[in-house]
Amino acid sequence: MDAPEIRKRLTQLAKNLWWTWNPDVANIFRDLDRELWRTSSHNPIVLLNELSDEQLVKAGGDESVASRINFAFHRLSEYLKPRTSYGLAHAGALWRQPVAYFCAEFGLHEALPIYSGGLGVLAGDHLKSASDLDVPLVAVGLFYSHGYFTQQIDGDGWQREAYGSSKVDTLAISPILDAAGEELIVQAPCGSGSINLRVWRLDVGRIKLFLLDSDIPSNDDDVRQLTRFLYGGGQGMRIRQEIILGIGGVRALRAMKIEPSVFHLNEGHCAFVPLEVTRERMRNHGESFHEAAAQVRKRTVFTTHTPVAAGHDRFSAELIGQSLGWLIHELGISFDELMGFGRVHPHNHGETFCMTVLALKMSRLRNGVSALHGEVSRRMWHALWPDREESEVPIGHITNGVHVQSWLAPSMLRLYARHMGKDWAQHMVHPDFWEKILQVDDTELWEEHQLLRYHLVDYIRRLAVRREVRLGNGKHPEELERLLNKDALTIGFSRRFATYKRATLVLSDRERLDRLLNNPQRPVQLVFAGKAHPKDEGGKGLIQEIYRLRQDPRFTDKLCFVENYDISVARHLVQGVDVWLNNPERPREACGTSGQKVLLNGGLNCSVPDGWWAEAADGRNGFSIGWGFEHADKEEQRKHDAAALYAVLEDEVVPTFYDRNAQGVPVEWVQHMRHAILTLAWRFNSDRMVRDYVEKMYLPAAGGVSCQVG
Ligand SMILES: *Cc1c(COP(=O)(O)O)cnc(C)c1O
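Counting restarts for each chain, with residues numbered from 1 along the sequence as it is written. It should be noted that, the model being predicted, local features are given only for residues of pLDDT at least 70 and side-chain atom pairs only at 80 or more, the latter also being counted only at that level, while totals for whole chains, interfaces and linings use all residues. To get the side-chain values, take all heavy atoms of the structure and skip hydrogens and water.

### A word on the overall build of the chain
Going along the chain from the N terminus, every DSSP run of H or I of four or more residues is numbered as a helix, and every run of E of two or more is numbered as a strand. Helix and strand counts for the chain come out as 28 helices and 20 strands. Here the C-alpha atoms of the chain give a radius of gyration of 25 Å, agreeing with the 27 Å that 2.2 N^0.38 yields for 710 residues. Seen through its C-alpha atoms, the chain measures out along the principal axes to roughly 80 × 70 × 55 Å. To sort residues, take the accessible area from a 1.4 Å probe on protein chains only and compare it with the maximum for the residue type: under 20% means buried, over 50% means exposed, and anything in between is partly exposed. Burial analysis of the chain (710 residues in total) assigns 60% to the buried set. The long-range share in the chain, meaning contacts at least 24 apart out of those at least 6 apart in sequence, stands at 72%. Under the convention used here, a 1.4 Å probe and the Shrake-Rupley method define accessible areas, while residue burial counts only the protein chains that appear. Here the chain displays about 27700 Å² of accessible surface, and carbon together with sulfur accounts for 49% of that area. Across the chain, the centroid of the 83 positively charged side chains sits 2 Å from that of the 91 negatively charged ones. Both definitions apply: the radius of gyration is a C-alpha atom measure, and the globule rule equals 2.2 Å times residues to the power 0.38. Contacts are assigned to residue pairs with any non-hydrogen atoms lying within 4.5 Å of each other. For the purpose of charge, His is not counted, nor are the chain termini; Lys and Arg are scored as positive and Asp and Glu as negative. Here the site of a charge means atom NZ of a Lys, CZ of an Arg, CG of an Asp or CD of a Glu.

Shown next as structure tokens:
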């Protein structure tokens, strides 16, 4: 192939995020220029922009590379036109009119920083599974050109935030054009003005994700700022972002002539969607507000993600009045009536306008994201259905899952293909299928897992060297070779540094920690990562506590903190750890998905029975910290949980990990690994999750059959 042909094919591959969950294809890009691959955050478009024709031919011109490119190209073409699929067999009415999935963030890949954490990654995994299953779905979000921040930790252990800005020509997005071939612009009224929005399209396998962007010349400067930053700014910015997402989003779909059968509101940020659809129906069908709203409600489904009261978006009456006066006018209702949709008690003037309440009232089917979170949500919102028993509150649950191919180490993927067949991923949701894992030999499973830990330690050392260079500390690489031990029990903890997640619980008793980490026969090491919200001084303090503890020579090489937790760091960590630690204040973790990512990689969970773990643990597929103790006094709960955590580490985790047979294999540990895969893999993946959404939410909402999940 000559340079233009190589460039053309690679560009087509790069323009669909399908490559991100197909490591063979990602490796084609990586092999073009490994250094540029790393520094570009694994962005193939940067590679294609920067490499000259000669370089492309040099890297990609030989026959074996050409055949890899061709093979990938064919696989993508076949993937995009399946002859059989779950969706073709089961998605029925959705083929006439798709589902529209709205979310404020999407975590699809590290080179596309339009997510901050769990919610975004979940939404990204939802799209990837909807694509693999071939479910007719389009998605709507915001294009944050400056994204979420990049985290660096200074010499004193304090978090510093930097905001980059993505150059549009380095992303796999393209603008939607109108009939005249000009960039499509849609308008979202806000206050007395109007926000002009450009619409970008991003291809995620078979799924189209549309991203709204206010950063265009026809807007005033302050309006151009609106979509630049994710979760930045105050309430005024927040409500305008949500108007863009909800109202601008519906208008963008209409402008593209997409008529969804079902609107899925993923978290409350997008709860203005049903109001705009109601307004549209009133105008197009001449319906009254109440008729139109009733029709819209039938086709709207809502997923809540927040078990903490303070976590729900709330706006003052004043802000609602300023921003949505035009909508109130067009809906033909009073200001008080609109406020009532955001209040638990419509006539309570002391209540602010809550986006979750709006979404709950405007949807037909509602769900939390784990069994326990469903329960917590029914308790939390009981007042909205005062005539019902708490257990009859119409909020069910669909437990979150993760997109397996995105999180699985390539070597484990090959292991599953060897033992379970090449198309194992298509059978993933069937429990019986996993019995094949029982045939995998102890030594083989263990050796594969050991290699993954070695890779993780190498990765962390490389990052440490780069950090030292950046800080100008002049530590010798040899010194950094002592950081972590390739054969030691490695425990990972990484997630947002919100205080309720209690990152430093395991560090609370220094003497016990010393004994735990520094036992010469049974060493343990801890790897941390996570971002604190820029305004969360408490969370930043926890990060600093970890850095300060590393000054103590007992802990220097046993503890480490990996900077800038993002999808790439997460992928490395979940693939290489032996144990994934999770110790939030129960029941404040709605689901938690990072622990699900370690399962198929052979890691074991050690978790408080909160979120998904409360329904997953069976006593043999991982380790539980305490038995669901809850206490109103946080200090009491902390003391209790810390004691339970040390006990399970000392009495169960460490002894089992180091109990080896003559070949050095920890037989009982490997049994736990296998049992975790057998009992959990089929449930906690996003294929199962999306199928649940199709069957329990989308089809009933599209077809009018009423049923409630739970
Ligand atoms: C999976 C993931 C999360 C969510 O994990 P939790 O268990 O909910 O904390 C957050 N951030 C990143 C980068 C992830 O990959």
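### Regarding the site of the ligand
We call a residue near a molecule or strand whenever a single non-hydrogen atom of that residue lies within 4 Å of it. Contacts to the ligand come from 14 residues, most closely from Trp407, Ala570, Thr593, Ser594 and Lys597. The definition of a polar contact used here is a pair of N or O atoms within 3.5 Å, where within protein one atom must be able to donate a hydrogen and the other to accept one, and adjacent residues in sequence count solely through side-chain atom pairs. The contact in question runs from an oxygen atom of the ligand to an N or O atom on the backbone of Thr593, over 3.2 Å. Side-chain polar atom of Ser594 to an oxygen atom of the ligand: 2.5 Å apart, as the coordinates give it. When the ligand is considered free in solution it has 390 Å² of accessible area, and contact with the protein chains removes 94% of it. Contributions of two or more residues to the shell around the ligand are made by helix 8 (118–133), helix 23 (567–576) and helix 24 (594–599). Taken together, the residues that form the shell around the ligand break down as five nonpolar, five polar and four charged. Reported domain spans reflect what an automatic or database domain assignment gives. Both of domain 2 (95–150 + 162–400 + 692–703) and domain 3 (404–684) provide at least three residues apiece to the shell around the ligand. The residue classification treats Ala, Val, Leu, Ile, Met, Phe, Trp, Tyr, Cys and Pro as nonpolar and Asp, Glu, Lys and Arg as charged. All others, Gly included, are polar.

### With respect to the pairing of strand 6 (residues 185–190)
Across six bridges, the pairing between strand 6 and strand 7 (residues 193–204) is antiparallel. The residue bridging Val186 from the neighbouring strand is Leu197, located in strand 7. Here the rule is simple: two strands pair whenever DSSP picks up at least two bridges between them. Linking strand 6 to strand 7, which pair antiparallel, is a turn of two residues; within it Gly191 sits at a positive phi near 60 degrees.

### Concerning the sheet that holds strand 18 (residues 579–582)
Read from one edge of the open sheet, six strands run 17-16-15-18-19-20, paired in parallel fashion. Lying at the two open borders of the sheet, with one neighbouring strand each, are strand 17 (559–562) and strand 20 (623–624). Two elements, strand 19 (residues 604–607) and strand 20, share two bridges in a ladder whose sense is parallel. Paired with Cys606 across the strands is Phe623, a residue of strand 20. Axis definition: a line fitted to C-alpha atoms, over the contacting stretch in the case of helices. Angles run 0 to 180 degrees between N-to-C directions. Sheet contacts for helix 23: strand 15 (489–494), strand 16 (524–529), strand 17 and strand 18; angle to strand 16, the most-contacted strand, approximately 160 degrees. Against the sheet, helix 27 (residues 667–680) touches strand 15, strand 18, strand 19 and strand 20, its axis set at about 90 degrees to strand 19.

### Some remarks on the pattern of salt bridges
Every case where a carboxyl oxygen of Asp or Glu lies within 4 Å of a side-chain nitrogen of Lys or Arg is listed as a salt bridge. Counted under the stated rule, the structure contains 44 salt bridges. For the salt bridge of Arg7 with Asp53, the shortest nitrogen-to-oxygen distance reads 2.9 Å. Taken together, the residues span a long stretch of sequence, with Arg7 in helix 1 (residues 3–14) and Asp53 in helix 5 (residues 53–60) at a distance of 46 residues. According to the relative accessible area criterion, Arg7 is partly exposed, its value standing at 22%.

### Considerations on the domain arrangement of the chain
Segmentation of the chain into domains returns domain 1 (3–80), domain 2 (95–150 + 162–400 + 692–703) and domain 3 (404–684). For domain 1 versus domain 2, the separation of C-alpha centres amounts to 35 Å. Of the residues lining the interface, 16 residues belong to domain 1; the matching set on domain 2 comes to 17 residues. Buried area: the accessible surface (1.4 Å probe) lost by two parts on joining, summed over both. Counting the surface lost from both domain 1 and domain 2, the interface buries some 1400 Å², and carbon and sulfur atoms represent 56% of this. Per-residue buried area on domain 1 facing domain 2 is highest for Leu17, Trp21 and Tyr79; these three make up 40% of the total on that side. On inspection of domain 1 and its partner domain 2, the count reaches zero salt bridges.

### Re the packing of helix 1 against helix 6 (residues 63–80)
The N-to-C vectors of helix 1 and helix 6 enclose an angle of 40 degrees; their axes lie 10 Å apart at closest approach. The pairing of helix 1 with helix 6 is recorded here as oblique in orientation. Judged by the sense of rotation from one axis to the other, the crossing of helix 1 with helix 6 is left-handed. Contacts between helix 1 and helix 6 involve Ile6, Arg9, Leu10, Gln12 and Leu13 from the former and Ile69, Asn70, Ala72, Phe73 and Leu76 from the latter. When grouped by side-chain class, the residues that make up the contact of helix 1 with helix 6 number seven nonpolar, two polar and one charged. Between 65 and 115 degrees an angle is taken as roughly perpendicular, under 35 as roughly parallel, over 145 as roughly antiparallel, and anywhere else as oblique. Note on convention: the crossing is left-handed when the near helix lies turned anticlockwise from the far helix by less than a right angle, right-handed when the turn is clockwise.

### Quick notes on the nonpolar core
Leu10, Phe102, Phe106, Leu202, Phe272 and Tyr698 are the most contacted members of the largest nonpolar core, which has 140 residues in total. If you tally residues by element for this core, the top one is helix 10 (residues 235–255), at nine residues. Ignoring any residue separated from it by four or fewer positions in sequence, one finds Phe272 in contact with Ile239, Glu242, Ile243, Gly246, Ile247, Leu324, Phe353, Met355 and Leu358. We define a nonpolar core as any set of buried Ala, Val, Leu, Ile, Met, Phe, Trp, Tyr and Cys residues linked to one another through side-chain atoms lying within 4.5 Å. Membership of the second largest hydrophobic core comes to 77 residues, among which are Met428, Leu549, Leu599 and Ala676.

### Here's the deal with the environment of Gly628
Structurally, Gly628 is set in the loop between strand 20 and helix 26 (634–657). Taking relative accessible area as the criterion, Gly628 reaches 19% and is therefore assigned buried. In this structure the C-alpha to C-alpha distance between Gly628 and Arg343, which are 285 residues apart in sequence, comes to 32 Å. Apart from the residues lying within four places of it in its own chain, the contact partners of Gly628 are Arg586 and Pro609.

### Concerning the state of the cysteines
In plain terms, two cysteine sulfur atoms within 2.5 Å form what is called a disulfide here. Applying the stated rule across the entire model yields zero disulfides. No disulfide involves Cys591; its sulfur sits 15 Å from the nearest other cysteine sulfur, which is in Cys103.

### Quick word on the pairing of strand 9 (residues 262–266)
Among the five residues in strand 9, five count as buried, and that is most of the element. Here strand 1 (residues 99–102) pairs with strand 9 via four bridges, running parallel. If you follow Val99 over to strand 9, its bridge partner there is Val262. Bridging between strand 9 and strand 10 (residues 300–303) involves four bridges; their strand directions are parallel. Residue pairing for strand 10: Asn266 is matched across the bridge by Thr303.

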